[in-house]
Amino acid sequence: MAGNTFGEIFRITTWGESHGPAVGVVIDGAVPGIEITAEDIQKELDRRKPGQSSVSTPRQESDTVEILSGVFEGKTTGTSISLLIRNSDQQSSAYDSLRDTPRPGHADFCYAEKYGIRDHRGGGRSSGRETAGRVAAGAVAKKILSEFGIDIVCHTTRIGGIAANPDVLNDLPFEGILENIEKNSVRCADLAAAVLMEAEVAEAKRTGDSVGGIVEGLIRGVPAGLGEPVFDKLDADLAKAIMSIGAVKGFEIGAGFAAAAAFGSEMNDAFEIKSGKIAAASNNAGGILGGITTGEIIRFRAAIKPTPSISISQKTVNMAEMKETEISIQGRHDPVIAPRFVPVGEAMAAIVVLDHLMRNEALCLSKNYKNRKNSSELRSELTVPSDRSKIKTKEV
Ligand SMILES: Cc1cc2nc3c(=O)[nH]c(=O)nc-3n(C[C@H](O)[C@H](O)[C@H](O)COP(=O)(O)O)c2cc1C
């Protein structure tokens, strides 16, 4: 009921608050025997951590991960993995003025209404800091997926009024996108657009404002057949995973909302035979039909709102005194969330895909097993041992 757990077989539970001693995650269902080190997890946490550039909050956190369980001699043991990330740069007094005055656009008002008590220091569970646990779990999921040839990248395609050029993006291979996003602070693969996006963020910051964005996710190497009809379709689970990240206001798969303006003859992806395999001539479906993967690249997009905390004065109320008042938020905040969303989106997508890979293996065990083994091998493995008759059965 509490909503801190996500996934069926590969299952994560995040915990901790922005201004508490630490945040973290417990992972159940991590495949045993996978090589994983604190450095593998740290690499992803470093991509998410604050204070990396002028487009991110100046809060300084090392976000150093501590592996408390589930990894022995550099390999997953198959038991629960517990990961802890200590908070070190809280500066909670900056939030004193927010004790009774909810920030417009943030979750403060709703938390107060729901629980009747609220940790006003930095948003508690609704803080972007909660995503550190997701990214740490996502690093484990990504590592496992890489063993199966599946990889994921998210990249910023819009910030405010500036959009990446689709032709530039279409010409970039998957590796090109992976490489380019680490060359600029907004994580945009179109390097010319990235310069304009950085200027857009700088201008919002200068005026005490914030700005929104769009991030696209690409998942490569997913075999056809993942996704469970009818409520656990892969696109439904991806939508839930992505929409569960703070500040996400929209989700699209494949052609997304553009599908509403298309004709069927434009939208349908024709099937063809490419190098002896069935493939789609286009990918408006975004790699998923009927909730089940087609084997093409999975493509999704998330619309991310401007950061709610801004220093421009806004109207709010003092809930204790029941009086209208004004608020200008002076804490340290991201002027844009989209670039920081990138590793979080990748993590959540990895968790969904790995969970479904494992679910598919469980459900389609017989089909998958038979595909791997030739039937004679299978028969010999299942043959009753010759000394079967020696086993004494006791009648009751
Ligand atoms: C990585 C990340 C960083 C964020 N940083 C901030 C921030 O510095 N200041 C802020 O007000 N909101 C920030 N947010 C957004 C809030 O967490 C979010 O708007 C809030 O929880 C309300 O949820 P909603 O926007 O989904 O309704 C961040 C979100 C993410 C995912």
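Residues numbered from 1 in each chain as written. Predicted model: local features only at pLDDT ≥ 70, side-chain atom pairs only at ≥ 80, totals over all residues.

Draft legend 1. Here's a closer look at the overall build of the protein. Looking only at helices and strands, the protein has 11 helices and 18 strands in total. A globule of 396 residues ought to have a C-alpha radius of gyration of about 21 Å, and the protein, at 24 Å, matches this closely. Considering only C-alpha atoms, the protein reaches an extent of 85 × 60 × 35 Å along its principal axes. Within the protein, the proportion of its 396 residues that are buried is 41%. Within the protein, counting contacts between residues at least 6 apart in sequence, those at least 24 apart form 71% of the total. (Helix = DSSP H or I, 4+ residues; strand = E, 2+ residues; numbered from the N terminus. Rg over C-alpha atoms; globule rule 2.2 N^0.38 Å. Buried ≥ 20, exposed ≤ 12 C-beta atoms within 10 Å, placed from the backbone. Contact = placed C-beta atoms within 7 Å.)

Draft legend 2. Representation of helix 7 (residues 234-243). Taken together, the buried positions of helix 7 are Leu234, Asp235, Asp237, Leu238, Ala241 and Ile242. Looking down the long axis of helix 7, one finds its buried residues gathered within 160° of arc, a one-sided arrangement. (Arc of directions from axis to C-beta.)

Draft legend 3. Geometry of the site of the ligand. Residues in close proximity to the ligand total 20 residues, the closest being Ser126, Gly128, Gly246, Ser309 and His333. Per-element accounting of the shell around the ligand gives the leading share, three residues, to helix 9 (residues 338-363). Counted by class, the shell around the ligand contains seven nonpolar, 10 polar and three charged residues. (Near = placed C-beta within 6 Å. Nonpolar A, V, L, I, M, F, W, Y, C, P; charged D, E, K, R; others polar.)

Draft legend 4. Main features of the sheet that holds strand 11 (residues 248-253). Across the sheet, five strands lie side by side as 9-8-10-16-11; this open sheet has antiparallel pairing. Strand pairing shows two members of the sheet lacking a second neighbour, strand 9 (162-163) and strand 11, which therefore form its edges. Where strand 8 (residues 151-159) and strand 9 come together, two bridges link them in antiparallel fashion. When the bridges of strand 9 are listed, Ile159 appears paired with Ile162. (Pairing = 2+ DSSP bridges.)

Draft legend 5. Molecular detail of the packing of helix 1 (residues 38-48) against helix 3 (residues 131-147). Where helix 1 contacts helix 3, the two axes come as close as 9 Å, and the packing angle between them is 135°. Relative to helix 3, the element helix 1 lies oblique. The two elements helix 1 and helix 3 meet at a crossing, and its hand is right-handed. Residue-level inspection shows Asp40, Ile41, Glu44, Leu45 and Arg48 of helix 1 in contact with helix 3, the latter providing Thr131, Ala132, Val135, Ala136, Gly138, Ala139, Val140 and Lys143. Residue composition of the contact of helix 1 with helix 3, grouped by class: seven nonpolar, two polar and four charged. (Axes fitted to C-alpha atoms, helices over the stretch in contact; angles between N-to-C directions. Parallel < 35°, antiparallel > 145°, perpendicular 65-115°, else oblique. Left-handed = near helix turned anticlockwise from the far one by under 90°.)

Draft legend 6. How the structure looks around the pairing of strand 18 (residues 323-327). Across five bridges, the pairing between strand 17 (residues 314-318) and strand 18 is antiparallel. Residue pairing across strands places Thr316 opposite Thr325, the latter belonging to strand 18. Taken together, strand 17 and the strand that follows it, strand 18, pair antiparallel across an intervening segment of four residues, in which Met322 is found at a positive phi of about 50°.

Draft legend 7. Broad picture of the sheet that holds strand 3 (residues 22-28). The strand order 1-2-3-7-4 describes an open sheet built from five strands, whose pairing is antiparallel. Each edge of the open sheet is held by one strand with a lone partner, namely strand 1 (5-6) and strand 4 (65-69). As paired strands, strand 2 (residues 11-16) and strand 3 are joined by six bridges and run antiparallel to one another. Bridge pairing links Thr14 to Val25 in strand 3. Its contacts with the sheet put helix 1 on strand 4 and strand 7 (81-86), and the angle it makes with strand 4 is roughly 135°. Helix 3 rests against strand 2, strand 3, strand 4 and strand 7 of the sheet, and its axis sits at about 35° to strand 3.

Draft legend 8. Quick look at the confidence of the model for the protein. With 92% of its residues at a pLDDT of at least 70, the protein reaches an overall mean of 92. Within the model, pLDDT remains below 50 along residues 382-389, and this stretch shows zero contacts once partners closer than five positions in the same chain are excluded. (pLDDT = per-residue confidence, 0-100.)

Draft legend 9. Fine view of the environment of Lys240. Within the fold, Lys240 resides in helix 7. For Lys240, a count of 14 C-beta atoms within 10 Å puts it in the partly exposed group. Measuring from C-alpha to C-alpha, the distance between Lys240 and Asn180 comes to 28 Å, with 60 residues separating the pair along the chain.

Draft legend 10. Inspection of the environment of Glu175 at higher detail. Residue position: Glu175 is located in helix 5 (residues 174-181). Judged by the 11 C-beta atoms lying within 10 Å of it, Glu175 is exposed. The spatial distance from the C-alpha of Glu175 to the C-alpha of Val153 is 9.1 Å, given a sequence separation of 22 residues.

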